[in-house]
Amino acid sequence: MEELKRRIIDIVKEYKINDGIVKIRAKVLTPEEAIGNPEHDDYPIQKGRERMVQADFDGDCGVAFTDMYGNFEGSLYGILDMELTNNYRRAIFISTINACLNRLGLIIKTMHCRDQGPVNCQKQVTGFIKEKFRNPRIFLAGFQPRLCEALSRNFEIRTTDMDIDNIGKEINSVTVESSENTDENIEWCDLIFATGTTFVNGTFRQFITEKKPTVFYGVTCAGPVHLLNLARYCPEGF
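This text gives an overview of the structure that appears in the document. (Residues numbered from 1 in each chain as written. Predicted model: local features only at pLDDT ≥ 70, side-chain atom pairs only at ≥ 80, totals over all residues. Heavy atoms only, no water.)

**Examining the overall build of the protein**
Now for step 1: Looking only at helices and strands, one finds 10 helices and 11 strands in the protein.
Now for step 2: Scaling as 2.2 N^0.38, a compact globule of 238 residues should have a C-alpha radius of gyration of about 18 Å, and the protein matches this with 17 Å.
Now for step 3: Taken across its 238 residues, the protein has 53% of its residues classed as buried.
Now for step 4: Accessible surface computed for the protein: about 11,200 Å², of which carbon and sulfur atoms make up 44%.
Now for step 5: Between the averaged position of the 29 positive side-chain charges in the protein and that of its 34 negative side-chain charges there is a distance of 3 Å. (Helix = DSSP H or I, 4+ residues; strand = E, 2+ residues; numbered from the N terminus. Rg over C-alpha atoms; globule rule 2.2 N^0.38 Å. Buried < 20%, exposed > 50% of the residue type's maximum accessible area, 1.4 Å probe, protein only. Areas by Shrake-Rupley, 256 points an atom, 1.4 Å probe, with all protein chains shown as cover. Lys, Arg positive; Asp, Glu negative; His and termini not counted. Charge placed at Lys NZ, Arg CZ, Asp CG, Glu CD.)

And the structure:
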């Protein structure tokens, strides 16, 4: 996280953003505001476990999923100097990075896909992985129902989640495991496919290893993966 801070501060200084005229407004989105009306109703945001925080940088927005949420308003430099001691603060920080880099034209797809977007994302994931990694054993870190459905039909996979309500669920003979099995599954797999929400809950470092390739998926990680030169999958964000 400190490396992320250093890199975004360097960019802000390079582009000569005057803190005196920049205000960041962050608000918590309702499920409908966040993902519209998809045909499925099993996404975490619909269950109330997580919400999406949206940061607005003079009309350009970025979001981050989090289980600790609330509205916020402050200066860009104040947020970049914030002590990242919990998921709420990290969500404000990450959504601000996403909005800032979007504003500067350095990244795209900083807003979550809506309506049919999750299903369209599901339809593309198998081709994406086969093109880049052929036929790997996949560790899906963070249970995303549509991705799990697609990946489990086409690859050997394991998946974990931090939501205790998801642990024990089964999709195509793949059982959702506890996050306590993370190290074992990293050792087992050929490819780590990890939710970008790990940048908010502070666990992302364990998924970055020289031994295995990692792809972070989703909208939360848009700015962080750009700053850290990591791989990302998010075909339907906007």
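**A word on the sheet that holds strand 1 (residues 23-29)**
Now for step 1: Pairing in this open sheet of 4 strands is antiparallel, and the strands run 3-2-1-4 from one edge to the other. The sheet terminates laterally at strand 3 (60-66) and strand 4 (72-75), the two strands that pair on one side only. The sheet shows a mean angle of 20° between the axes of neighbouring strands, taken without regard to direction.
Now for step 2: Together, strand 1, strand 2 (51-57), strand 3 and strand 4 form the strand contacts of helix 5 (residues 87-103), whose direction differs from that of strand 3 by roughly 150°. (Pairing = 2+ DSSP bridges. Axes fitted to C-alpha atoms, helices over the stretch in contact; angles between N-to-C directions. Contact = heavy atoms within 4.5 Å.)

**Details of the packing of aromatic side chains**
Given two aromatic rings, one states the distance between the centres and the angle between the planes to describe the pair.
Now for step 1: Tallying each qualifying case throughout the model produces 6 aromatic pairs.
Now for step 2: Note on Phe193 and Tyr217: the rings are 5.5 Å apart at their centroids and 25° apart in plane angle, and the pair reads as stacked. Of this pair, Phe193 sits in strand 9 (residues 191-195) while Tyr217 is found in strand 10 (residues 214-217), placing the two residues 24 residues apart along the sequence.
Now for step 3: Overall, the relative accessible area of 8% leaves Tyr217 in the buried class.
Now for step 4: Pairing Phe199 with Phe216 gives two aromatic rings, centres 5.0 Å apart and planes at 55°, and the pair type is tilted. Taken as a pair, Phe199 in helix 9 (residues 198-201) and Phe216 in strand 10 lie far apart in primary sequence, 17 residues in all. (Phe/Tyr/Trp six-rings, centres within 6.5 Å; stacked < 30°, edge-to-face > 60°.)

**Considering the nonpolar core**
Soluble globular proteins: nonpolar side chains tend toward being buried together.
Now for step 1: The biggest cluster of nonpolar side chains holds 41 residues, and the ones touching the most others in it are Ile8, Leu76, Ile94, Phe199, Phe207 and Phe216.
Now for step 2: Within the second largest apolar cluster, 21 residues are counted, among which are Ile129, Cys148, Leu151 and Phe193. (Core = buried A, V, L, I, M, F, W, Y, C linked by side-chain atoms within 4.5 Å.)

**Some details on the pairing of strand 5 (residues 138-141)**
Regular strands show a simple pattern: their side chains alternate between the two faces of the sheet.
Now for step 1: Side-chain alternation along strand 5 places Ile138 and Leu140 on one buried face and Phe139 and Ala141 on a second face that is also buried.
Now for step 2: As a crossover connection, the stretch from strand 5 through helix 7 (residues 145-154) into strand 6 (residues 157-161) is right-handed.
Now for step 3: Sheet topology places strand 5 next to strand 9; 4 bridges connect them, and they run parallel. Bridge pairing in strand 9 places Phe139 opposite Ile192. (Right-handed = clockwise from strand over helix to strand, strands pointing away.)

**Quick notes on the sheet that holds strand 6**
Now for step 1: Taken in spatial order, the 7 strands of this open sheet run 7-8-6-5-9-10-11, and their pairing is mixed. Here the strands that pair on one side only, and so sit at the sheet edges, are strand 7 (170-171) and strand 11 (231-233).
Now for step 2: Alignment of strand 10 against strand 11, held across 3 bridges, turns out to be parallel. Paired with Tyr217 across the two strands is Tyr233, which belongs to strand 11.

**Considerations on the side chain of Lys5**
Now for step 1: By the element assignment, Lys5 lies in helix 1 (residues 2-14).
Now for step 2: It is Glu2 that comes nearest to the buried, bridge-free Lys5 among opposite-charge side chains, at 4.3 Å.
Now for step 3: Excluding residues within four positions of it along the chain, Lys5 makes contact with Leu80, Asp81, Met82, Glu83, Leu84 and Phe93. (Salt bridge = Lys/Arg side-chain N within 4 Å of Asp/Glu carboxyl O.)

**A look at the packing of helix 1 against helix 5**
Now for step 1: Where helix 1 contacts helix 5, the two axes come as close as 12 Å, and the packing angle between them is 30°. It follows that helix 1 is roughly parallel to helix 5 by the angle criterion. At the point where helix 1 passes helix 5, the crossing takes the left-handed sense. On the side of helix 1, the interface is formed by Leu4, Lys5, Ile8, Ile11 and Val12, while helix 5 contributes Phe93, Ile94, Ile97, Cys100 and Leu101. (Parallel < 35°, antiparallel > 145°, perpendicular 65-115°, else oblique. Left-handed = near helix turned anticlockwise from the far one by under 90°.)

**Concerning helix 7**
Now for step 1: Most of helix 7 sits out of view: 7 of its 10 residues are buried.
Now for step 2: Looking at where helix 7 begins, the residue whose side-chain oxygen comes 2.8 Å from the main-chain nitrogen of Arg146 is Gln144. (Polar contact = N/O pair within 3.5 Å; in protein donor to acceptor, adjacent residues only side chain to side chain.)

**So, the pairing of strand 2**
Now for step 1: The buried fraction of strand 2 is high, at 6 of 7 residues.
Now for step 2: Note: strand 1 against strand 2, 6 bridges, orientation antiparallel. Counted as the bridge partner of Val28 is Val53 from strand 2.
Now for step 3: The sheet contact formed by strand 2 and strand 3 spans 7 bridges and is antiparallel. Looking at the pairing, Gln54 lines up with Val63 of strand 3.

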